[in-house]
Protein chains: 2
Amino acid sequence: MPERFSIQPLYLQLRDALAERIASGEWKSGDIIPNEVDLARELGVSQGTVRRSLDLLESEHVVTRRQGRGTFVNDPDSQAYRFNNFRLANGAAAPTDASTLDIVMAEASDSECARLQLITGDQVYRISRIRSHLGRAFMIEGASLPAALFPQLVERALQSHRLVEIAQAYSLLLGNAEERILIGTCSPLAAEALNLAQGRPVLILDRVIKTRNGRPAEWRRAECVLNGMHYKAHFG
Amino acid sequence: MPERFSIQPLYLQLRDALAERIASGEWKSGDIIPNEVDLARELGVSQGTVRRSLDLLESEHVVTRRQGRGTFVNDPDSQAYRFNNFRLANGAAAPTDASTLDIVMAEASDSECARLQLITGDQVYRISRIRSHLGRAFMIEGASLPAALFPQLVERALQSHRLVEIAQAYSLLLGNAEERILIGTCSPLAAEALNLAQGRPVLILDRVIKTRNGRPAEWRRAECVLNGMHYKAHFG
DNA sequence: AAGTGGTCTAGACCACTCA
DNA sequence: GAGTGGTCTAGACCACTTG
């Protein structure tokens with residue numbers, strides 16, 4: 001019989017336990033995890049409860065289940081896909097390249113504290129990146145990441161500073177994102193980086209991505225021009 | 001024993017049957033629908049299967065379930081909330097008013113055919129609306145609705161021409177929406193209606209809302225200025 | 001106390017994939 | 001044919017709401 005360690009339903013505890021085993025690297029991207037019957041026996045719960053927690057993890061984009069084959073841990077690339085919402089005129093996802101301009105560590109500003117749920121004195125990494133599509137730069141972004149979540153980020157000298165790659169390197173599972181979309185005129189920085197005329201209107205994307213546990217992992221402010229693409233949102 | 005009328009799983013057939021009973025008006029907005037045990041007995045399936053279909057309907061925003069109380073049919077207002085994504089600086093939903101400028105019926109254009117999945121010769125209603133916030137007009141929208149879905153729309157002289165109200169009047173349940181967000185300069189029409197300077201940058205919102213069955217119900221093109229609000233999107 | 005949805009179990013059978 | 005996830009059942013018990 002399973003013990004109840006908390007007031008949470010078993011299937012939620014189970015979901016978190018399984019997510020933790022994925023985050024910790026016990027099961028890696030692309031791996032097949034044990035089948036429902038084995039997991040149920042190992043964990044001392046019924047198969048139906050295991051199923052329920054796996055279904056939840058699938059809805060959270062952590063795993064993918066395929067009838068007749070098994071339950072697979074999702075790739076970081078499939079995660080990245082969720083957060084790239086630039087689309088071509090035909091609706092297909094626009095392939096984009098990102099490159100890092102700069103990384104520094106600093107004390108969190110007031111707005112960083114507010115958006116990343118930090119307290120005054122906490123440290124953040126500030127990353128500036130530039131994204132291009134078909135070789136043409138169209139977006140410049142400034143991202144702030146809590147240093148507590150990504151210790152020694154600069155020292156580790158990762159290949160890429162896309163959040164998806166960073167999260168992978170730190171064994172962190174990403175959750176939802178909320179974005180504020182505004183319209184503005186380009187900053188001097190953006191004008192230079194993207195080769196825009198002074199005062200050119202830009203789309204401002206202000207987004208917070210949280211971890212699966214609900215902890216803010218990245219606050220990004222971006223300015224972009226669309227160059228024939230559009231930005232896709234989905235409601236429902 | 002339930003008969004299987006199709007290859008679809010029982011819980012999906014059941015979900016559609018229950019949705020149909022709501023759409024038809026048998027259960028109205030705000031009503032409590034029968035409890036799981038009664039539904040299961042009536043429909044000749046197990047309680048677990050009824051539960052599964054009701055959980056699905058809840059995830060589709062058709063009903064709301066409350067432990068200890070019952071399962072309630074959602075209001076059109078709660079539906080409208082899903083499709084209003086203008087937010088104030090503090091993140092709260094911005095209350096907006098909509099008023100109709102004009103309605104006409106016409107033969108669907110090529111782009112209307114494409115976006116609404118119609119064929120040449122089909123009829124559409126074209127509605128132009130203007131939205132204001134705190135008494136100030138900030139968005140002008142042109143909506144196209146398939147006439148086949150909303151017969152005699154003009155003749156019925158509804159109070160409001162917000163899609164949510166129209167759908168309610170026609171016993172139609174709304175599903176998901178997909179929106180394309182672009183940046184542009186205001187059209188002469190928008191400049192006049194919203195009192196904007198020529199060439200003022202605007203946010204262009206191009207959205208298709210589908211019914212619960214996946215049939216396109218409205219294609220809307222809007223131009224707006226934000227006046228301190230922002231447009232909210234959610235990913236995950 | 002009665003009634004509702006929420007959790008959990010145990011087990012049967014089906015549909016799909018692959019060796 | 002063996003192994004996987006997907007569907008469906010029947011029933012026990014829990015948690016919450018209301019009279």
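Look up a bit, the structure's there.
A. Spotlight on the protein's contact with DNA strand C. Around DNA strand C, 22 residues are found, and the nearest of them are A:Leu10, A:Thr49, A:Arg52, B:Asn35 and B:Gln67. A:Thr49 places a side-chain nitrogen or oxygen 2.3 Å from a phosphate oxygen of DNA strand C. Here a base nitrogen of DNA strand C and a side-chain polar atom of B:Gln67 are 2.8 Å apart. Secondary-structure elements contributing two or more residues to the surface near DNA strand C are helix H1 (10–23) and helix H3 (47–59) of chain A together with strand S2 (63–66) and strand S3 (70–73) of chain B. In terms of residue class, the surface near DNA strand C is made up of 5 nonpolar, 9 polar and 8 charged.

B. Fine view of the pattern of salt bridges. As enumerated under the stated definition, the model contains 38 salt bridges over all chains in all. In this structure, A:Glu42 and A:Arg21 form a salt bridge, with 3.0 Å as the shortest nitrogen-oxygen distance. Taken together, the residues A:Glu42 in helix H2 (residues 36–43) and A:Arg21 in helix H1 connect sequence positions 21 residues apart. In this structure A:Glu42 comes out as partly exposed when scored by relative accessible area, which is 48%. Here B:Arg65 makes a salt bridge to B:Glu36, at a shortest N to O gap of 2.5 Å. Taken as a pair, B:Arg65 in strand S2 and B:Glu36 in helix H2 (residues 36–43) lie far apart in primary sequence, 29 residues in all. Each member of the pair, B:Arg65 as well as B:Glu36, carries the same accessibility label: buried.

C. Just the sheet that holds S3(B), in detail. Residue and element names in this part refer to chain B. In spatial order, the strands read S1-S3-S2; together these 3 strands make up an open sheet with antiparallel pairing. With partners counted over all chains shown, the strands left at the sheet margins are strand S1 (32–33) and S2, one partner each. Note: S2 against S3, 4 bridges, orientation antiparallel. Note on S3: the bridge partner recorded for Arg65 is Thr71. Here helix H3 (residues 47–59) sits on the sheet in contact with S1, S2 and S3, set at roughly 120° to S2.

D. Region of the structure containing the relation of the copies chain B and chain A. Placing chain B over chain A gives an RMSD of 0.0 Å and needs a rotation angle of 180°, together with 0.0 Å of translation along the axis. Interpreted geometrically, this transformation is the action of a two-fold axis.

E. The arrangement of the protein's contact with DNA strand D in detail. Around DNA strand D there are 22 residues in total, and A:Asn35, A:Gln67, B:Leu10, B:Thr49 and B:Arg52 lie nearest to it. A:Gly68 has a polar backbone atom sitting 3.0 Å from a base nitrogen of DNA strand D. A:Thr71 places a polar side-chain atom, nitrogen or oxygen, 3.1 Å from a phosphate oxygen of DNA strand D. Of all elements in the fold, only strand S2 (63–66) and strand S3 (70–73) of chain A together with helix H1 (10–23) and H3 of chain B reach the threshold of two or more residues within the surface near DNA strand D. Here the residues of the surface near DNA strand D are counted per class, giving 5 nonpolar, 9 polar and 8 charged.

F. Region of interest: unusual backbone geometry. Backbone geometry places A:Gln117, a non-glycine residue, at a positive phi of 55°. Mapped onto the secondary structure, A:Gln117 falls in the loop between helix H5 (110–116) and strand S6 (123–133). Positive phi values are uncommon outside glycine, yet B:Asn227 reaches one of about 45°. Its location among the elements puts B:Asn227 in the loop between strand S10 (216–224) and strand S11 (230–235). A relative accessible area of 33% means that B:Asn227 is categorised as partly exposed.

G. Up close: the environment of A:Ala137. Mapping A:Ala137 onto the fold places it in strand S7 (residues 136–146). Here the alpha-carbon distance between A:Ala137 and A:Ile32, two residues 105 residues apart in the chain, equals 38 Å.

H. Here's a closer look at the pairing of S7(A). Residue and element names in this part refer to chain A. Here S7 lies mainly inside the structure; 8 of its 11 residues are buried. Taken together, the 10 bridges between S6 and S7 define a ladder with antiparallel strand orientation. The residue of S7 that forms the bridge with Arg131 is Met139. Counted between consecutive antiparallel strands, the loop separating S6 from S7 contains 2 residues, among which Leu134 sits at a positive phi close to 55°.

About the criteria used
Residues numbered from 1 in each chain as written. Chains lettered and ligands numbered in written order. Predicted model: local features only at pLDDT ≥ 70, side-chain atom pairs only at ≥ 80, totals over all residues. Heavy atoms only, no water. Near = heavy atom within 4 Å. Polar contact = N/O pair within 3.5 Å; in protein donor to acceptor, adjacent residues only side chain to side chain. Helix = DSSP H or I, 4+ residues; strand = E, 2+ residues; numbered from the N terminus. Nonpolar A, V, L, I, M, F, W, Y, C, P; charged D, E, K, R; others polar. Salt bridge = Lys/Arg side-chain N within 4 Å of Asp/Glu carboxyl O. Buried < 20%, exposed > 50% of the residue type's maximum accessible area, 1.4 Å probe, protein only. Pairing = 2+ DSSP bridges. Contact = heavy atoms within 4.5 Å. Axes fitted to C-alpha atoms, helices over the stretch in contact; angles between N-to-C directions. Least-squares fit on C-alpha atoms with pLDDT ≥ 70 in both.

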